[in-house]
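Inside the fold
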Amino acid sequence: MKNLVLAIILVFLFTACSHQEYTGSVQIQRTDNVLIEIPDMEPGDEVTVKWIHSVEKTPWEETYELQEDGTLRLIEAIFYSFGAGVPHEKGSMSVEEGKVVSRDMEEETIEAFRWIHSHDAKFEVYVNDELSIEAEELPHHEALELIFK
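Attention here is on the structure that accompanies the text. Fair warning: this is a prediction, and the values are worked out from it, not measured in the lab.

Our next topic: the pairing of strand 5 (residues 72-79). With six of its eight residues buried, strand 5 lies for the most part within the structure. In this sheet, strand 5 lies alongside strand 4 (residues 59-66) in antiparallel orientation, the contact comprising seven bridges. Note that in strand 5 the partner of E62 across the bridge is A77. Here strand 4 folds back onto strand 5, and the loop between the two strands holds five residues, one of which, G70, carries a positive phi near 85°. Relative to strand 7 (residues 99-103), strand 5 is paired through four bridges, and the arrangement is antiparallel. Its bridge partner lying in strand 7, E76 is registered against R103.

Quick look at the structure:
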């Protein structure tokens, strides 16, 4: 019985000590100057970026899962129209509620999400379906990146 209790305590301590937390940072690419931080991120959290496509002028959404090593793995992309720049040869695609949804893309992970920010594109970041960053909070026409450390 003592061995069982000791084993349970050790498993609990190992789990508590091995718990990895990250802080998401939006920073300027050329200077690494941090503009906004998103604290208390954990592996498995979902990060969704939404913006208006520059050619199609319709919403575009990509959802990533934060990995154990701080990288992001694309798990879903949603397109409100299907035209220029839409990846069409990877994963499974379906039409759901009038939107094209792509899943099972088996993409490799990325170390950072990078973009040229525009207030016109209405770029937003959601963490686990909650709005974390609005377009107006970031500088217009600046090369930015979202990374997790």
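Now that the structure has been shown, we can carry on.
Let us look at the pattern of salt bridges. If you walk through the whole model with that rule in mind, you get six salt bridges. What emerges from the salt-bridge pattern is a single network uniting E76, E96 and R103.

A few words on the layout of surface pockets. Here the largest pocket defines a volume of roughly 220 Å³. Taken together, W51, I52, H53, S54, K57, F113, W115, I116, S118, D120, A121 and F123 make up the full set of residues lining the largest pocket. Contributing elements (two or more residues each) for the lining of the largest pocket: strand 3 (46-52) and strand 8 (113-117). A per-element tally of the lining of the largest pocket places strand 8 first, with three residues. Each residue belonging to the lining of the largest pocket can be placed in one class, and the counts come to seven nonpolar, three polar and two charged.

Bringing empty space enclosed by the protein into the picture now. With the rule as written, the count across this model stands at one cavity of 30 Å³ or more. The computed volume of the largest cavity comes to approximately 30 Å³. Its residues placed into classes, the lining of the largest cavity shows five nonpolar, three polar and one charged.

Conventions we followed
Residues numbered from 1 in each chain as written. Predicted model: local features only at pLDDT ≥ 70, side-chain atom pairs only at ≥ 80, totals over all residues. Heavy atoms only, no water. Buried < 20%, exposed > 50% of the residue type's maximum accessible area, 1.4 Å probe, protein only. Helix = DSSP H or I, 4+ residues; strand = E, 2+ residues; numbered from the N terminus. Pairing = 2+ DSSP bridges. Salt bridge = Lys/Arg side-chain N within 4 Å of Asp/Glu carboxyl O. 1 Å grid on protein atoms, 1.4 Å probe; cavity = no way out; pocket = protein on both sides within 12 Å on 5 of 7 lines; lining within 4 Å. Points joined across faces, edges and corners; volume = space filled by probe spheres on them. Nonpolar A, V, L, I, M, F, W, Y, C, P; charged D, E, K, R; others polar.

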